[in-house]
Amino acid sequence: MDGIERYRVRTGQIIRLDEWDPDETALFDGSKKEGKALLPALNQRLEALQELLWAQHTHKLLIVLQAMDTGGKDSTIRHVFEGVNPQGVKVHSFGVPTPEELAHDFLWRIHQCTPGSGEIAIFNRSHYEDVLVVRVHELAPPQVWERRYAHINAFEQMLTDEGTTICKFFLHISKDEQKKQLQERLDDPSKRWKFRKQDLEDRRLWPAYQAAYEDVLTRTSTDAAPWYIVPANRRWYRNLVVSQVLIDTLDSLRMHYPQPEEDLAGIVVE
Ligand code: ADP
């Protein structure tokens with residue numbers, strides 16, 4: 001998919017989410033069926049790149065996934081990483097902080113989950129909740145969350161300086177799409193367990209969340225750790241975009257398999 005950069009937020013770019021269409025499929029002009037058929041090849045490519053990352057054991061990749069409720073974080077992880085060797089890939093979900101986590105600074109629980117050499121860490125929610133839900137639900141006063149943008153940028157800069165590559169995705173759905181998904185959760189007995197009354201409360205706060213996301217995207221997309229705004233109403237397209245960004249990012253690391261310790265050319269296995 002050429003042109004994937006259109007979804008990348010440039011440093012300093014001011015984001016207004018109503019200018020970003022969650023329905024668009026601009027980089028692919030085929031049917032949903034044709035679009036879905038492209039994913040397995042991308043899965044294979046990602047699998048090969050992850051193997052290389054693991055073998056070389058030099059780079060580390062941190063993927064941040066944020067979205068409104070029902071935005072598709074879980075399903076993106078399932079589809080984009082299908083076939084990838086679970087060794088070396090860890091998913092971390094960040095929920096309401098525990099008392100112990102709350103007794104520390106907001107990055108304490110996050111830092112422990114960042115990837116080591118050769119690893120991919122996927123954050124299902126992240127430190128960004130500390131300027132999203134915390135701001136919208138007024139869990140901390142403005143002077144506390146306001147200074148966190150700078151702390152987040154400094155933290156991510158430190159991680160990249162120390163060898164971590166960071167990709168951050170905002171899965172952008174419309175309010176109507178969320179309605180559809182929430183109703184599906186209520187109607188389908190196998191999905192009902194995912195429904196939380198809190199989701200309705202958050203839905204009422206949709207405009208405040210969109211404003212909080214706009215600030216996150218505007219203030220924390222950096223060269224070191226860029227945000228991508230992924231049109232996510234069409235799940236097949238969302239999967240293609242996230243996969244392609246990850247492939248391009250890993251490709252740009254120009255990885256290679258490590259050299260064997262000695263010249264193995266003459267060795268024959270009996
Ligand atoms: P998900 O909705 O991601 O599938 P859950 O249903 O477990 O997962 O929801 C996690 C909840 O934890 C969300 O409502 C989210 O806003 C909340 N949460 C995450 N981080 C924080 C935080 N730092 N402070 C308060 N709430 C948080």
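Residues numbered from 1 in each chain as written. Predicted model: local features only at pLDDT ≥ 70, side-chain atom pairs only at ≥ 80, totals over all residues. Heavy atoms only, no water.

1. Some thoughts on the nonpolar core
Across soluble globular proteins, nonpolar side chains show a tendency to be buried alongside one another.
Then, in step 1: The biggest cluster of nonpolar side chains holds 76 residues, and the ones touching the most others in it are Phe81, Phe169 and Leu246.
Then, in step 2: Examining the composition of this core, we find that nine residues originate from one element, helix α12 (residues 235-251), more than from any other.
Then, in step 3: In this view, Phe81 contacts Leu46, Ile63, Thr76, Val89, Ile120, Ile122 and Leu246; residues no more than four positions away in its chain are not counted. (Core = buried A, V, L, I, M, F, W, Y, C linked by side-chain atoms within 4.5 Å. Buried < 20%, exposed > 50% of the residue type's maximum accessible area, 1.4 Å probe, protein only. Helix = DSSP H or I, 4+ residues; strand = E, 2+ residues; numbered from the N terminus. Contact = heavy atoms within 4.5 Å.)

2. So, the site of the ligand
Then, in step 1: Around the ligand lies a shell of 13 residues, among which Lys73, Val96, Arg109, Arg125 and Asp130 are the nearest.
Then, in step 2: Residue Lys73 places a side-chain N or O atom 2.8 Å away from an oxygen atom belonging to the ligand.
Then, in step 3: One nitrogen or oxygen atom from the side chain of Arg125 is found 2.6 Å from an oxygen atom belonging to the ligand.
Then, in step 4: Bound to the protein, the ligand loses 76% of the 570 Å² it would expose on its own.
Then, in step 5: Along the lines of polarity and charge, the residues of the shell around the ligand split into six nonpolar, one polar and six charged. (Near = heavy atom within 4 Å. Polar contact = N/O pair within 3.5 Å; in protein donor to acceptor, adjacent residues only side chain to side chain. Areas by Shrake-Rupley, 256 points an atom, 1.4 Å probe, with all protein chains shown as cover. Nonpolar A, V, L, I, M, F, W, Y, C, P; charged D, E, K, R; others polar.)

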